[in-house]
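Read off the chains here:
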Amino acid sequence: MSDSSIVCPENLTQEQQDLFWMNRAQELAIKAEEIGEVPVGALIVLDRQLIAEGYNQPISQHDPTAHAEVIALRAAGEKIGNYRLLETTLYVTLEPCPMCASAMVHARVKRLVFGAFDQKTGAAGTVFDITRSEKLNHKVDVLGGVKEQQCREQLSAFFRQRREFHKQNKRNKES
(Lines give C-alpha, C1' and ligand atoms only; values in the text may rest on other atoms or scores of the structure.)
Protein backbone atom coordinates (compact mmCIF):
# COMPACT_ATOMS: atom_id res chain seq x y z
CA MET A 1 0.00 0.00 0.00
CA SER A 2 2.81 2.45 0.73
CA ASP A 3 5.37 3.70 -1.71
CA SER A 4 8.46 3.00 0.37
CA SER A 5 10.60 4.63 -2.29
CA ILE A 6 9.58 8.03 -0.89
CA VAL A 7 12.44 9.46 1.13
CA CYS A 8 12.61 12.92 2.61
CA PRO A 9 15.62 14.94 1.37
CA GLU A 10 18.51 15.09 3.86
CA ASN A 11 19.03 18.84 3.76
CA LEU A 12 15.63 19.75 5.25
CA THR A 13 15.12 21.07 8.76
CA GLN A 14 12.76 19.14 11.04
CA GLU A 15 10.04 21.70 10.36
CA GLN A 16 10.49 21.29 6.60
CA GLN A 17 10.43 17.49 6.96
CA ASP A 18 7.18 17.73 8.91
CA LEU A 19 5.64 19.81 6.12
CA PHE A 20 6.96 17.39 3.47
CA TRP A 21 5.31 14.41 5.17
CA MET A 22 2.11 16.24 6.06
CA ASN A 23 1.65 17.04 2.37
CA ARG A 24 1.73 13.29 1.71
CA ALA A 25 -0.74 12.66 4.54
CA GLN A 26 -3.11 15.17 2.93
CA GLU A 27 -2.85 13.28 -0.37
CA LEU A 28 -3.87 10.13 1.49
CA ALA A 29 -6.81 11.99 3.06
CA ILE A 30 -8.03 12.76 -0.45
CA LYS A 31 -8.05 9.02 -1.19
CA ALA A 32 -10.32 8.51 1.82
CA GLU A 33 -12.65 11.25 0.66
CA GLU A 34 -12.81 9.77 -2.84
CA ILE A 35 -14.33 6.59 -1.41
CA GLY A 36 -16.79 8.46 0.84
CA GLU A 37 -14.77 8.25 4.05
CA VAL A 38 -13.88 11.08 6.42
CA PRO A 39 -10.71 12.53 4.86
CA VAL A 40 -7.95 11.50 7.23
CA GLY A 41 -4.58 10.28 6.01
CA ALA A 42 -1.66 8.89 8.00
CA LEU A 43 1.84 7.64 7.33
CA ILE A 44 4.80 6.36 9.28
CA VAL A 45 8.39 7.35 8.69
CA LEU A 46 11.59 5.69 9.87
CA ASP A 47 14.97 7.29 9.13
CA ARG A 48 13.41 9.81 6.68
CA GLN A 49 11.85 6.95 4.67
CA LEU A 50 8.15 6.19 4.30
CA ILE A 51 7.48 2.71 5.69
CA ALA A 52 3.68 2.66 5.83
CA GLU A 53 0.60 4.67 5.12
CA GLY A 54 -3.15 4.51 5.46
CA TYR A 55 -6.33 6.45 5.10
CA ASN A 56 -9.72 6.18 6.77
CA GLN A 57 -11.70 3.12 5.70
CA PRO A 58 -14.10 2.12 8.51
CA ILE A 59 -17.19 2.47 6.31
CA SER A 60 -15.83 0.68 3.25
CA GLN A 61 -14.11 -2.03 5.32
CA HIS A 62 -17.06 -2.45 7.72
CA ASP A 63 -14.45 -2.14 10.46
CA PRO A 64 -14.67 0.42 13.27
CA THR A 65 -10.91 0.12 13.80
CA ALA A 66 -9.98 0.95 10.19
CA HIS A 67 -8.83 4.47 11.02
CA ALA A 68 -5.94 5.88 8.98
CA GLU A 69 -3.52 5.55 11.91
CA VAL A 70 -4.40 1.93 12.69
CA ILE A 71 -4.03 0.94 9.04
CA ALA A 72 -0.63 2.64 8.93
CA LEU A 73 0.46 1.04 12.23
CA ARG A 74 -0.49 -2.43 10.98
CA ALA A 75 1.35 -1.91 7.70
CA ALA A 76 4.45 -0.60 9.50
CA GLY A 77 4.52 -3.62 11.81
CA GLU A 78 4.34 -5.92 8.78
CA LYS A 79 7.03 -3.95 6.95
CA ILE A 80 9.60 -4.06 9.76
CA GLY A 81 8.52 -7.41 11.19
CA ASN A 82 7.83 -6.08 14.66
CA TYR A 83 4.86 -4.58 16.48
CA ARG A 84 7.23 -2.21 18.28
CA LEU A 85 7.71 0.78 16.03
CA LEU A 86 10.63 2.31 17.88
CA GLU A 87 12.16 5.50 16.46
CA THR A 88 9.24 6.09 14.08
CA THR A 89 7.20 9.21 13.46
CA LEU A 90 3.51 8.98 12.64
CA TYR A 91 2.03 11.84 10.61
CA VAL A 92 -1.75 12.26 10.47
CA THR A 93 -4.03 15.02 9.24
CA LEU A 94 -6.32 14.94 12.32
CA GLU A 95 -5.47 14.58 15.99
CA PRO A 96 -5.85 10.89 16.89
CA CYS A 97 -8.85 9.53 18.77
CA PRO A 98 -8.36 7.54 22.01
CA MET A 99 -8.19 4.21 20.14
CA CYS A 100 -5.49 5.41 17.76
CA ALA A 101 -3.52 7.23 20.45
CA SER A 102 -3.54 4.07 22.59
CA ALA A 103 -2.33 2.00 19.65
CA MET A 104 0.56 4.45 19.12
CA VAL A 105 1.56 4.18 22.77
CA HIS A 106 1.40 0.38 22.62
CA ALA A 107 3.50 0.38 19.42
CA ARG A 108 6.07 2.68 21.04
CA VAL A 109 5.86 5.28 18.28
CA LYS A 110 8.46 7.88 19.14
CA ARG A 111 6.83 10.96 17.65
CA LEU A 112 3.38 12.03 16.49
CA VAL A 113 2.81 14.98 14.17
CA PHE A 114 -0.76 15.94 13.38
CA GLY A 115 -2.58 18.67 11.47
CA ALA A 116 -6.01 19.65 12.76
CA PHE A 117 -6.93 19.54 16.44
CA ASP A 118 -10.02 17.44 17.23
CA GLN A 119 -12.20 19.30 19.73
CA LYS A 120 -14.53 16.33 20.23
CA THR A 121 -12.30 13.26 20.55
CA GLY A 122 -8.68 14.41 20.30
CA ALA A 123 -6.49 12.21 22.47
CA ALA A 124 -3.12 13.88 21.97
CA GLY A 125 -3.83 16.78 24.29
CA THR A 126 -7.11 18.41 23.25
CA VAL A 127 -9.77 16.33 25.03
CA PHE A 128 -7.58 13.54 26.43
CA ASP A 129 -3.81 13.16 26.56
CA ILE A 130 -3.24 9.46 26.15
CA THR A 131 -0.02 10.03 24.21
CA ARG A 132 1.71 11.65 27.19
CA SER A 133 -0.10 10.13 30.14
CA GLU A 134 1.98 9.58 33.28
CA LYS A 135 -0.09 6.44 33.92
CA LEU A 136 1.16 4.64 30.82
CA ASN A 137 4.54 3.05 30.27
CA HIS A 138 5.43 4.99 27.11
CA LYS A 139 5.04 8.60 26.09
CA VAL A 140 4.88 9.87 22.53
CA ASP A 141 6.45 13.21 21.60
CA VAL A 142 3.63 15.26 20.08
CA LEU A 143 3.56 18.18 17.67
CA GLY A 144 0.09 19.36 16.70
CA GLY A 145 -1.05 22.02 14.29
CA VAL A 146 1.22 21.28 11.32
CA LYS A 147 -0.68 22.63 8.30
CA GLU A 148 -3.59 22.98 10.72
CA GLN A 149 -5.67 25.35 8.62
CA GLN A 150 -5.36 23.25 5.45
CA CYS A 151 -6.15 20.01 7.30
CA ARG A 152 -9.10 21.59 9.11
CA GLU A 153 -10.48 23.04 5.87
CA GLN A 154 -10.20 19.66 4.14
CA LEU A 155 -12.35 18.14 6.89
CA SER A 156 -14.77 21.08 7.06
CA ALA A 157 -15.35 21.04 3.31
CA PHE A 158 -16.08 17.30 3.44
CA PHE A 159 -18.68 17.70 6.20
CA ARG A 160 -20.20 20.76 4.50
CA GLN A 161 -20.68 18.77 1.29
CA ARG A 162 -22.10 15.85 3.25
CA ARG A 163 -24.63 18.05 5.04
CA GLU A 164 -25.65 19.63 1.74
CA PHE A 165 -26.05 16.19 0.16
CA HIS A 166 -28.33 15.08 3.01
CA LYS A 167 -30.35 18.30 2.81
CA GLN A 168 -30.80 17.83 -0.93
CA ASN A 169 -31.90 14.22 -0.45
CA LYS A 170 -34.43 15.34 2.15
CA ARG A 171 -35.78 18.01 -0.23
CA ASN A 172 -36.03 15.47 -3.04
CA LYS A 173 -38.00 13.07 -0.83
CA GLU A 174 -40.39 15.84 0.23
CA SER A 175 -41.17 16.89 -3.33
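The rules behind each value
- Within every chain, residues take consecutive numbers counted from 1 along the sequence as written.
- Given that the model is predicted, a residue must reach a pLDDT of at least 70 before its local features are reported, and side-chain atom pairs must reach 80 or more before they are shown or counted; all residues, however, enter totals for whole chains, interfaces and linings.
- With hydrogens and water set aside, each side-chain value is computed from the structure's full complement of heavy atoms.
- What counts as a ring pair is set by centres within 6.5 Å for rings of Phe, Tyr and Trp (its six-membered ring), and what kind of pair is set by the plane angle: stacked under 30 degrees, edge-to-face over 60, tilted for all other angles.
- Residue burial is assigned from relative accessible area. The probe radius is 1.4 Å, only protein chains are included, and a residue is buried under 20% of its type maximum, exposed over 50%, and partly exposed in between.
- Should DSSP find at least two bridges between two strands, the strands are regarded as paired.
- In this description a helix means any DSSP run of H or I spanning at least four residues, a strand means any run of E spanning at least two, and both kinds are numbered starting from the N terminus.
- Axis definition: a line fitted to C-alpha atoms, over the contacting stretch in the case of helices. Angles run 0 to 180 degrees between N-to-C directions.
- We call two residues in contact when some of their heavy atoms are within 4.5 Å.
- The definition of a right-handed crossover adopted here requires that, viewed with the strands pointing away, the path from the first strand over the helix to the second runs clockwise.

Enquirer: Help me get a handle on the packing of aromatic side chains, residues and values and all.
Expert: Counted under the stated rule, the structure contains three aromatic pairs. Their ring planes at 90° and their centres at 4.9 Å tell us that Phe 20 and Trp 21 sit as a pair that is edge-to-face. Since its relative accessible area comes to 29%, Phe 20 is described here as partly exposed. Take Trp 21: its relative accessible area is 0%, and that puts it in the buried class.

Enquirer: Before we move on, could you go through the sheet that holds strand β1 (residues 41-46) and cite the residues and values that matter?
Expert: Taken together, five strands build an open sheet; the order of strands is β2-β1-β3-β4-β5 and the sheet is mixed. Of all the strands in the sheet, just β2 (49-55) and β5 (141-144) have a single pairing partner and so form its edges. Going from strand to strand, the sheet's axes swing by 15° on average, the running direction of each strand aside. The pairing of strand β3 (residues 88-94) with strand β4 (residues 111-116) spans five bridges and is parallel. Of the residues in β4, the one forming a bridge with Leu 90 is Leu 112. This element, helix α3 (residues 68-80), spans β1, β2 and β3 of the sheet and lies at about 140° to β2.

Enquirer: How would you sum up unusual backbone geometry? Please name residues and give values.
Expert: In this structure, Arg 108 takes a positive phi of about 65° despite not being glycine. With a relative accessible area of 15%, Arg 108 lands in the buried category. Positioned with a positive phi, Lys 147 is a non-glycine residue whose angle comes to about 55°. Assignment of secondary structure puts Lys 147 in the loop between β5 and α5 (148-174). For Lys 147, a relative accessible area of 19% puts it in the buried group.

Enquirer: Would you mind going over the pairing of β4 in detail, with residue names and values included?
Expert: With six of six residues buried, β4 lies mostly within the body of the structure. Between β3 and its parallel partner β4, the chain crosses via helix α4 (residues 98-107), and the hand of that crossover is right-handed. Here four bridges tie β4 to β5, and the two strands are oriented parallel to one another. From the neighbouring strand, Phe 114 faces β5, where its bridge partner is Gly 144.

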